[in-house]
Amino acid sequence: MVSMYTFKKCLTKALGLISCGALLFFVSCASTKLVPPEAVSPAAPPQTFAERLALVLETGNIDGALALFDDLSPEEAEQRGNRRLKASILISAGRLDEARAIADVLISEDGSDVESRFILANIEGASGKPKERRLMLEKIVEEVPAHTPSLNALGHISREAKSFRTAASYFDRVLAIEPDNIRAIEGRAQVFFMERNYQKAEELFNKLVALYPEHAEAYGERGHFYRETGNMSRALEDLETAKRLDPFNPWTAYDKGCVLLKMGKRQEALAEFDYASKLDPNKFIFYVYSAGIRDELEDVDGAAHDFEAIVRLRPDYYFAFEGLGVQQMKKGLYANAAQSFAAAYKSAPDENNYALLAAVNMLKSGVKLNEVKAFLDSVMRKVDRSKLDYHVLRLFFDLSGDSEVARRIDKEKSERIKAQMLFYLANYYDIKGNNLMADKFFIEFREMKRMDLVEWRLNEWILKTRNIQIGGVNVGGGGEKG
């Protein structure tokens, strides 16, 4: 999580005063496609290429930044520093082959150029070759022991691998060379946090803020620390400062949303998750939170939209198909719901309730009975015939035998399975048009209070739509609306 303040500060020095390799971290974390460059109104016209580049990158316009290189004179374009900058920005744009081509040429011209080798190492990492990246970084450090960007990168690699002692040694080496190095302070604090040494971690996060009081990342990192250690008021204060300093960082908004959710401020949290997904529409975790909140607030259309985004981004995440199916079922889109629950079952074939939900929706949508039977037959072949699940699946296959199934449900020892199968028995009677028996079992399911089940959310909705009252209270009403 890096603010454009830091990037801009480092970029203006990148051509001479600091390692160009250090620039890669800042470039790779820049936001994309947020504000057109013409929207930026600098206090004074930029005079240098580095300043112009920083201003365009501050808007998140990676393509615009790359276009600036086309305006350089041939002599400027050939400068090694400018070529390194372009390669770094190409990595941020995901154009790894072009970045590699530049780095390869730079290294062929000068094999001792550790800055270009550092860029190539990060290209390897971005290409899904972490081992090659680590080996290249280790080689750089072997040759140039004081190359702090490589030391920092190795520290973060070790931290992610949970090799905390090794990570700490890399960060400590950087701090011995550059006591104010932001990445090293941040990394060392994170190691202390992961080792549960919260006092030392907080001291370093405080140092980070003291050294970089205009730096969004410093507040963002400390805010994340406070969030993880349960100090929500301090976390919110830091994250609000971080967002003010750098409004284009989606992870700041995400952290702030998590804090607000912990504080019970769902609507405010939802606004932050929506803002995060607007900044970066390709992070599924943002939609996971916004979908969950909208589901709780009974915003069916909004929740369906968010679950659709999750399914698009992570088709292997079967909980998204579950959530989408629930919203589609609430909207009466039974054929769509059947497809969603069938997809969830395909991803999680041990969850027979997904198959049952698919069958219920197939029957409600008017799918031909032979198609329903074919689907259920494929499911039942994998289920132990002694299990209650099998007999309930068989009930929907035969569309008869409810008395025997009711008897088996009554004898079931697992409260979870018993509750689930009561729900499906109620749906069986609903499909058969026996409203009295359907209502009876929908109510029995509710009385078991299994709120941990997906069936609970559906059952509450069904009771509400059927206008069933329990104890003089209309079920499903009175919740917070969004």
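Reading the values: the criteria
- Residues numbered from 1 in each chain as written.
- Predicted model: local features only at pLDDT ≥ 70, side-chain atom pairs only at ≥ 80, totals over all residues.
- Heavy atoms only, no water.
- Helix = DSSP H or I, 4+ residues; strand = E, 2+ residues; numbered from the N terminus.
- Expected span 1.5 Å × (residues − 1).
- Salt bridge = Lys/Arg side-chain N within 4 Å of Asp/Glu carboxyl O.
- Buried < 20%, exposed > 50% of the residue type's maximum accessible area, 1.4 Å probe, protein only.
- Core = buried A, V, L, I, M, F, W, Y, C linked by side-chain atoms within 4.5 Å.
- Contact = heavy atoms within 4.5 Å.
- Phe/Tyr/Trp six-rings, centres within 6.5 Å; stacked < 30°, edge-to-face > 60°.

Novice: Give me helix 28 (residues 454-465): which residues, what numbers.
Specialist: The periodicity of an α-helix, 3.6 residues per turn, causes residues three or four places apart in sequence to face the same way. Its 12 residues give helix 28 an end-to-end C-alpha distance of 17 Å, which sits within 8% of 16 Å, the value for a rise of 1.5 Å per residue. Immediately downstream of helix 28, the backbone of N467 shows phi near 55°, a positive value.

Novice: Describe in detail unusual backbone geometry, supporting the description with residues and values.
Specialist: At E298, a residue that is not glycine, the phi angle is positive and equals roughly 65°. Within the element layout of this structure, E298 appears in the loop between helix 18 (284-296) and helix 19 (300-313). Positive phi, normally seen in glycine, also occurs at N467, with a value near 55°. Relative to the helices and strands, N467 resides in the loop between helix 28 and strand 1 (469-470).

Novice: Tell me about the pattern of salt bridges, and please be specific about residues and values.
Specialist: As enumerated under the stated definition, the model contains 38 salt bridges in all. Between K464 and E298 there is a salt bridge, and its shortest N-O distance comes to 3.2 Å. Here K464 is found in helix 28, whereas its partner E298 is found in the loop between helix 18 and helix 19, with 166 residues between them in sequence. When its relative accessible area of 32% is taken as the criterion, K464 is described as partly exposed. If you follow the salt bridges from partner to partner, you end up with E78, R80, R83, R84, E109 and D113 in one network.

Novice: If you had to explain the nonpolar core to someone new, which residues and values would you point to?
Specialist: Among the nonpolar cores identified, the biggest contains 66 residues, and F396 and Y424 are the most heavily contacted of them. Setting aside anything within four residues of it in sequence, one finds Y424 in contact with N353, L356, L357, V360, V392, F396 and E455.

Novice: So what's going on with the environment of L422? Which residues, and what values?
Specialist: Its place among the elements puts L422 in helix 26 (residues 415-432). Assessed through its relative accessible area of 5%, L422 is described here as buried. Along the primary structure L422 and F445 are separated by 23 residues, whereas in three dimensions their C-alpha atoms are 5.8 Å apart. Setting aside chain neighbours within four positions, we find L422 in contact with I409, F441, E444, F445 and M448.

Novice: Run through the packing of aromatic side chains, naming residues and quoting values.
Specialist: Summed over all chains, the structure comprises 24 aromatic pairs. The interplanar angle of 35° and the centroid separation of 5.7 Å between the aromatic rings of F193 and Y198 together place this pair among those described as tilted. Note on Y198: relative accessible area 35%, which makes it partly exposed. Look at F445 and W456: their rings are 6.3 Å apart centre to centre, the planes differ by 40°, and that puts the pair in the tilted class.

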